[in-house]
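Spelled out, the chains give:
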Amino acid sequence: MDSMRIKGGKPLQGKIHISGAKNAALPLLAASLLTDETLTLGNVPHLADIATMANLLGQHGVNLSLNGHHQNNGSGGRVMELRADKITSVTAPYELVRKMRASILVLGPLVARCGEAKVSLPGGCAIGRRPVDMHIKALQQLGAEVALDNGYIHARAPKGLKGAEIVFPMVTVTGTENVMMAAALAKGETTIINAAREPEVIDLAQCLVAMGAEIDGIGSHKLRITGKDRLHAARHDVIPDRIETGTFAMAAAITNGDVELIGARLAHLHSVVELLGQAGISITETPQGLRVKRVNGLHGVDVMTEAYPGFPTDLQAQMMALMCVAEGASMITETIFENRFMHVPELRRMGANITVHDASAMIRGVPQLTGAPVMATDLRASVSLALAGLAAKGETILNRIYHLDRGYERLEEKLAACGADIERVREAA
């Protein structure tokens, strides 16, 4: 298994290109199942999770082709063409689904287009339960018969899906995306109440509209989808990754650097920018993106994760790393996922002063972290340890970095280009 070696203490200086958003690209790839014509996606990031979704779609019969890099946005995001003219299998097998929970996104499109889907239950996830019961209930309301069978969700709608009013008891991003895709081919009108409003959900809706879907209320809590008999070819570019943007902004802040994030969008990050501003970090728009630097030290702030437009759970670990070296104390409260403090014992190994009580962590800033061997437990935890390593005195060895490769494209190259002393250590074959 590869590891990452980081020697801390160097302020980051320079430009970092923000890649396409993983959490936008995954549902967009699944949307290719809704039409027998070609869906062309630009700015697709080069990530392990994208490869997993591509493999899954391939075994459903989707033909995929990659056209290398398109440099018009400078990020080197790839163009992917997907054509599902014939669906050859409606089964999403356990060995592929278990690698990535977002595989559940093929459920809605397959039932809508083929009248049947058999998708493995995602199984355990390192950051706690992410129930799929809301997806199942919503499909039943759209007229599908759903059975749980040997660890598989088996959904059938031989006469097609019918529009309905779906009220989600709590905000669910993948649930909203699954229903939106299913409803695009259902008969009649579907209303989704308490829909997720994340930029990634909006991105999917805009792509579906480009494919011929009729969706009203995009970006609000109430979506109205009028079903169509078929959707057609379209071209769509994946939005820049707001989580990667926030992560690199915090990397600049933790090293007392000055970095321009090329392609980043301020509109997707208001809550993050506001909190970082309170902590003493200036984030300003530039013609090409955002510039990040400290203005007057680094101060502890309190953070609570919330559904969009609140502070994202996917930036909580990174924020905690930053608060470890801030003046004063800060409190971070996680309201979205349980088990999302698995980075705490690892940060403590580096000298952080953190006390966890239920869903809250109290962080008392220390003048200096020290390098140590640490282990990644999940995607965002792993990058928080990389950030801590950038600020620490001495050498940090980050193990199990396959988690990083799921969601960060060429992380070590992007950081090294801004002066970080960081390298990937390949495991001897």
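Residues numbered from 1 in each chain as written. Predicted model: local features only at pLDDT ≥ 70, side-chain atom pairs only at ≥ 80, totals over all residues. Heavy atoms only, no water.

Chemist: Tell me about the overall build of the chain, and please be specific about residues and values.
Modeler: A count of helices and strands for the chain gives 14 helices and 24 strands. The C-alpha atoms of the chain give 22 Å as radius of gyration, which agrees with the globular expectation for 429 residues (22 Å, within 12%). A total of about 16600 Å² of accessible surface is found on the chain, and carbon and sulfur atoms cover 50% of it. Where the 43 positive side-chain charges of the chain centre and where its 44 negative ones centre are 2 Å apart. (Helix = DSSP H or I, 4+ residues; strand = E, 2+ residues; numbered from the N terminus. Rg over C-alpha atoms; globule rule 2.2 N^0.38 Å. Areas by Shrake-Rupley, 256 points an atom, 1.4 Å probe, with all protein chains shown as cover. Lys, Arg positive; Asp, Glu negative; His and termini not counted. Charge placed at Lys NZ, Arg CZ, Asp CG, Glu CD.)

Chemist: Before we move on, could you go through helix H5 (residues 133–141) and cite the residues and values that matter?
Modeler: For the α-helix, the turn length of 3.6 residues means that residues three or four positions removed from each other point alike. Those residues of H5 that sit buried are Met-134, His-135, Ile-136, Ala-138 and Leu-139. The inward-facing, buried residues of H5 abut helix H4 (107–114), strand S8 (145–149), strand S9 (152–156), strand S10 (165–167) and helix H6 (173–184). Positive backbone phi, approximately 100°, marks Gly-143, located one or two places after H5. (Buried < 20%, exposed > 50% of the residue type's maximum accessible area, 1.4 Å probe, protein only. Contact = heavy atoms within 4.5 Å.)

Chemist: With reference to specific residues and values, describe the sheet that holds strand S21 (residues 360–364).
Modeler: Taken in spatial order, the four strands line up as S18-S19-S21-S20 in an open sheet, and their pairing is mixed. Of all the strands in the sheet, the pair left with one neighbour each is strand S18 (303–304) and strand S20 (353–357). For S20 and S21, the ladder comprises five bridges, and the chain directions are antiparallel. Note that in S21 the partner of Thr-355 across the bridge is Met-362. Sitting on the sheet, helix H10 (residues 316–323) touches S18, strand S19 (329–333), S20 and S21, and the angle it makes with S19 is about 170°. (Pairing = 2+ DSSP bridges. Axes fitted to C-alpha atoms, helices over the stretch in contact; angles between N-to-C directions.)

Chemist: If you had to explain unusual backbone geometry to someone new, which residues and values would you point to?
Modeler: Cis geometry marks the peptide bond from Tyr-308 to Pro-309; its omega dihedral reads 10°. Note that Pro-309 resides in the loop between S18 and H10. Positioned with a positive phi, Arg-400 is a non-glycine residue whose angle comes to about 60°. Residue placement: Arg-400 occurs in the loop between strand S23 (395–399) and helix H13 (402–407). In this structure Arg-400 comes out as partly exposed when scored by relative accessible area, which is 34%. One non-glycine residue with positive phi stands out, namely Arg-410, at about 50°. Relative to the elements of secondary structure, Arg-410 occurs in the loop between H13 and helix H14 (411–416). Overall, the relative accessible area of 34% leaves Arg-410 in the partly exposed class.

Chemist: Hey, could you go over the side chain of Thr-52 for me, with residue numbers and the actual values?
Modeler: Assignment of secondary structure puts Thr-52 in helix H2 (residues 48–59). Since its relative accessible area comes to 12%, Thr-52 is described here as buried.

Chemist: I'd love a proper account of the sheet that holds strand S7 (residues 116–120), names of residues and values included.
Modeler: Read across the sheet, four strands follow the order S6-S7-S9-S8 without closing on themselves; strand pairing throughout is mixed. Only two strands of the sheet have a single partner each, and these edge strands are strand S6 (91–92) and S8.

Chemist: Talk me through the pattern of salt bridges; I want residue IDs and the actual numbers.
Modeler: Scanning the entire structure with this criterion turns up 23 salt bridges. The closest approach of N and O atoms between Asp-36 and Arg-230, which form a salt bridge, is 2.9 Å. One end of the pair, Asp-36, is in the loop between helix H1 (22–30) and strand S3 (38–44); the other, Arg-230, is in the loop between strand S13 (222–226) and strand S14 (234–237), and 194 residues separate them in sequence. Overall, Asp-36 belongs to the partly exposed group, its relative accessible area being 32%. Of the residues examined, Arg-230 reaches a relative accessible area of 47% and is grouped as partly exposed. One salt bridge connects Glu-412 with Arg-424, and the closest N-O pair in it is separated by 2.9 Å. Taken together, the residues Glu-412 in helix H14 and Arg-424 in strand S24 (residues 421–425) connect sequence positions twelve residues apart. For the pair shown, Glu-412 and Arg-424 are each scored as buried. Among the charged side chains, a network of salt bridges with common partners joins Asp-2, Asp-405, Glu-412, Arg-424 and Arg-426. (Salt bridge = Lys/Arg side-chain N within 4 Å of Asp/Glu carboxyl O.)

None of the figures reported here should be taken as evidence of function without further support.
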